[in-house]
Amino acid sequence: MKEKLSEYYKLDSDQLKEHWKKDTFSFDANVLLNLYRYTPKTRDAFFALFEKIKDRIWISYQAAFEYQKNRLVVINAQKEAYKEIRETLKKKKGEIESKLNGFKKHPYLQTSELKTQIESAFQSISKDLDKLEKNHPDYLVKDPIWERLTELLDSNVGDDFSKEELEKIYREGKKRYDEKVPPGYMDLKDKKNEGNRSLYGDIIVWKQVIAKGKEIENSIILITDDLKEDWWYKFKGKTISPRPELIKEFKEEASKQINIYQADRFLELANKNLEQHTTLEAIEEVRKVRLADEKDIEKEIRALEMLLEDNGDENFRENARIMANVEKSSFENAIEKSITNNNKKV
């Protein structure tokens, strides 16, 4: 059974070590964009590893394109975070003061004194936030992350597909999405109005990775921080493995084994197989970023489940997951808000 359904089985440690010795490393755009979300120390740990494997790095054209396309948007969203936090603090301060006003006649609660303490606490937080914002690098003016990646990937980006090849992928993509063949079909609701290049971006990345796998002697280790179920096999909220369909398709097309990891697992295995020395603190930070994103997704799905269940929908769980694809995450909403504000200024 293992021979015929090998996509469901993990490689042993010796097999993995052989892959890590020889294979080409390919990073998706989301891994590169997440570099802006890490502390400088963790980001430097990533770049130290990049430098160690730079002769074996290859990026698909689509991944590089998506990084360039979304870089400024992600940077601006980071800057907008300070404004959003201030608005949240102001709102919460008003809510607390309003609540205290309802206890003016309370015999033991000294509301005036409490208000003074609350005002002092919020002022202290606001000052700290001002300092953090002042020290935040203005990557819109000078972006050292972009510069380092440009140098690192200078000759390591693949070619784009021709117009005819892309049109063929778009037609195939529609069929794959209709049949829920991974990857990318969970982008359908969010990106259906963004054009085919965006709508079928995951498939383009995947097809370019397969094409590269056919060209080279060894295989590919793909690192992606896409968390959706069209990349990962999940059971009861736990990520088990990459989708077996992807492993099988790559093996059928390229006659090789592909290994797919999320960024934190990639760092762990690099320590083990490449004698790298990324700290546990850096790995944990990368993992926390991923888990925070996963929790955001699960919260949206659970909220929809409750709504549909209240409406007597027998298929509320499945419908909630379908509807969750329509709802944009808070991160995506922040990005769109940033774009709108920038357009108004132009």
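In what follows, the structure referred to is the one given above.
This text gives an overview of the structure that appears in the document. (Residues numbered from 1 in each chain as written. Predicted model: local features only at pLDDT ≥ 70, side-chain atom pairs only at ≥ 80, totals over all residues. Heavy atoms only, no water.)

**Section: the environment of D138**
(1) Moving on: By the secondary structure assignment, D138 is in the loop between α5 (111-135) and α6 (144-152).
(2) Moving on: Overall, D138 belongs to the partly exposed group, its relative accessible area being 34%.
(3) Moving on: Sequence separation between D138 and N76 is 62 residues; the distance between their C-alpha atoms is 9.3 Å. (Helix = DSSP H or I, 4+ residues; strand = E, 2+ residues; numbered from the N terminus. Buried < 20%, exposed > 50% of the residue type's maximum accessible area, 1.4 Å probe, protein only.)

**Here's the deal with the packing of aromatic side chains**
(1) Moving on: According to the stated counting rule, one finds 14 aromatic pairs in the structure shown.
(2) Moving on: On the basis of an interplanar angle of 0° and a centroid distance of 5.8 Å, the ring pair of Y38 and F46 is categorised as stacked. Here Y38 and F46 have matching classes, each one buried.
(3) Moving on: Between F47 and F50, the aromatic rings sit 5.6 Å apart at their centres with planes inclined by 85°, giving edge-to-face as the arrangement. In this pair, F47 and F50 both sit in helix α3 (residues 40-52), three residues apart, roughly one turn of the helix. A single burial state applies to F47 and to F50, both of which are buried.
(4) Moving on: Three or more aromatic residues link up through ring pairs in this structure, and these residues are W20, F25, F27, Y38, F46, F47, F50, Y261 and F266.
(5) Moving on: Here R71 stacks its cationic end above the ring of W146, 4.1 Å away from the centre of that ring.
(6) Moving on: One Lys or Arg, R197, reaches over the ring of F65 and ends 5.2 Å from the middle of that ring. (Phe/Tyr/Trp six-rings, centres within 6.5 Å; stacked < 30°, edge-to-face > 60°. Lys NZ or Arg CZ within 6 Å of the ring centre and 35° of its normal.)

**Here's the deal with the sheet that holds strand β2 (residues 220-223)**
(1) Moving on: Pairing in this open sheet of three strands is parallel, and the strands run β1-β2-β5 from one edge to the other. Either end of the sheet is taken by a strand with one partner, and the two such strands are β1 (24-27) and β5 (259-261). Taken pair by pair, the neighbouring strands of this sheet meet at an average axis angle of 20°, ignoring direction.
(2) Moving on: Relative to β2, β1 is paired through four bridges, and the arrangement is parallel. If you follow T24 over to β2, its bridge partner there is I220. (Pairing = 2+ DSSP bridges. Axes fitted to C-alpha atoms, helices over the stretch in contact; angles between N-to-C directions.)

**Some words on the packing of α3 against α6**
(1) Moving on: Interhelical geometry of α3 versus α6 gives an angle of 10° and a closest axis separation of 11 Å. Judged by the inter-axis angle, α3 sits roughly parallel to α6. Here α3 contributes R43, D44, F47, F50 and E51 to the contact with α6, which in turn contributes I145, R148, L149 and L152.
(2) Moving on: Class assignment for the residues of the contact of α3 with α6 results in five nonpolar, no polar and four charged. (Parallel < 35°, antiparallel > 145°, perpendicular 65-115°, else oblique. Contact = heavy atoms within 4.5 Å. Nonpolar A, V, L, I, M, F, W, Y, C, P; charged D, E, K, R; others polar.)

**Here's the deal with the side chain of N273**
(1) Moving on: Considering the arrangement of structural elements, one finds N273 in helix α12 (residues 263-273).
(2) Moving on: In this view, N273 contacts K17 and W20; residues no more than four positions away in its chain are not counted.

**Regarding α6**
Helical geometry note: an α-helix holds 3.6 residues per turn, so side chains three or four residues apart project in the same direction.
(1) Moving on: Taken residue by residue, α6 has I145, L149 and L152 as its buried positions. Projected down its long axis, α6 shows its buried positions confined to an angular sector of 60°, all on one face.
(2) Moving on: If you follow the buried residues of α6, they end up packed against α2 (29-33), α3 and α4 (61-101).
(3) Moving on: Capping of α6 at its N-terminal end is provided by D143; its side-chain oxygen lies 3.0 Å from the backbone amide nitrogen of I145. (Arc of directions from axis to C-beta. Polar contact = N/O pair within 3.5 Å; in protein donor to acceptor, adjacent residues only side chain to side chain.)

**Remarks on unusual backbone geometry**
(1) Moving on: Look at the link from P182 to P183: it is a cis peptide, with omega at 0°.
(2) Moving on: As for its position among the elements, P183 is in the loop between α7 (163-178) and α8 (188-191).
(3) Moving on: Even without being glycine, K180 reaches a positive phi, approximately 55°.
(4) Moving on: Looking at the secondary structure, you find K180 in the loop between α7 and α8.
(5) Moving on: Located in the positive-phi region is S255, a residue other than glycine, with phi close to 60°.
(6) Moving on: You can see S255 is positioned in the loop between α11 (244-254) and β5.

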